[in-house]
Amino acid sequence: FSRPFTQAIADLNHGAEAFRQGDFDYRVREQSKDELGTLGSTFNSMAAELMVLIRDLEGRVTKRTIELENTNSRMKLEISERQRAEKQLARTVEELKSINVRLESFNHLAVDREHRMVELKAEVNQLSQSLGKKMPYDISFAGELGNTHE
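Residues numbered from 1 in each chain as written. Predicted model: local features only at pLDDT ≥ 70, side-chain atom pairs only at ≥ 80, totals over all residues. Heavy atoms only, no water.

Colleague: Any chance you could explain the packing of helix α1 (residues 2–20) against helix α2 (residues 35–130) here in plain terms?
Modeller: For any two helices packed against each other, one specifies the inter-axial angle together with the distance between the axes. Across the interface, α1 lies against α2 with an axial gap of 10 Å and an inter-helix angle of 15°. Between α1 and α2, the crossing angle belongs to the class labelled roughly parallel. The crossing of α1 and α2 is left-handed. Between α1, through F5, A8, I9, L12, G15, A16 and F19, and α2, the contact on the second element is made entirely by L36, L39, G40, F43, A47 and L50. Here the contact of α1 with α2 is built from residues that sort into 11 nonpolar, 2 polar and no charged. (Axes fitted to C-alpha atoms, helices over the stretch in contact; angles between N-to-C directions. Helix = DSSP H or I, 4+ residues; strand = E, 2+ residues; numbered from the N terminus. Parallel < 35°, antiparallel > 145°, perpendicular 65-115°, else oblique. Left-handed = near helix turned anticlockwise from the far one by under 90°. Contact = heavy atoms within 4.5 Å. Nonpolar A, V, L, I, M, F, W, Y, C, P; charged D, E, K, R; others polar.)

Have a look at this one:
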């Protein structure tokens, strides 16, 4: 009686130790129909359920890992595209600044030219008036221009 009892306990102990070390495939021998046999059967059922849970968890972890890797790849691509767009935007901003400087320079030249034309027309009008002739240029708008020349 003592030998089968001791063997069953040792087998259960060995199974528990195997589980502790991560061997979830281990199963105990179900030799008797008494309480120790029931305990062995329960141990094996628990081991089988644990394996199902572990495989399910591993499957979910694998699925989630793949999802995260795909998301990470998409994010890396998006970051790369945004960085490229930011560089292009920075180049465009610099080009526009350069164009703006040239346009401002041209604007100053054009405004200076127009102011000088108004001055010359005013002089021609004065000379015409001093000679008793009609003023050839209408520069009444000149007062509306104000002093935009810097």
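Here the narrative resumes.
Colleague: Sorry if this is basic, but what is going on with the packing of aromatic side chains here?
Modeller: Summed over all chains, the structure comprises 2 aromatic pairs. Relative to F24, the ring of F19 lies with its centre 5.3 Å away and its plane at 85°, an arrangement referred to as edge-to-face. Relative accessible area serves as the criterion here: at 12%, F19 is assigned to the buried category. An aromatic cluster of three or more residues is present, and its members are F19, F24 and F43. (Phe/Tyr/Trp six-rings, centres within 6.5 Å; stacked < 30°, edge-to-face > 60°. Buried < 20%, exposed > 50% of the residue type's maximum accessible area, 1.4 Å probe, protein only.)

Colleague: Before we go on, may I ask you to explain the environment of R29 in this structure?
Modeller: In this fold, R29 is placed in the loop between α1 and α2. Along the backbone, R29 and L89 are 60 residues apart, and their C-alpha atoms lie at a distance of 73 Å. Excluding its chain neighbours within four sequence positions, the residues that come into contact with R29 are Q7 and D11.

Colleague: Even after reading the chapter, I still don't get the confidence of the model for the protein chain, so can you show me in this structure?
Modeller: Do not read the fine detail of predicted coordinates wherever pLDDT is low. Looking at the protein chain, the pLDDT average stands at 90 and 95% of residues meet or exceed 70. Helix α3 (residues 142–145) is the least confidently modelled element of the protein chain, averaging 67 in pLDDT, while α2 averages 95, the highest of any element. (pLDDT = per-residue confidence, 0-100.)

Colleague: Before we go on, may I ask you to explain the nonpolar core in this structure?
Modeller: One broad trend across soluble globular proteins is that nonpolar side chains are buried collectively. Listed in full, the 8 residues of the largest apolar core are L12, A18, F19, Y26, V28, L36, F43 and A47. When contributions to this core are tallied by element, the ones reaching two or more residues are α1 and α2. Those residues in contact with Y26 that sit more than four places away from it in its chain are D11, H14, G15, A18, F19, F43 and A47. (Core = buried A, V, L, I, M, F, W, Y, C linked by side-chain atoms within 4.5 Å.)

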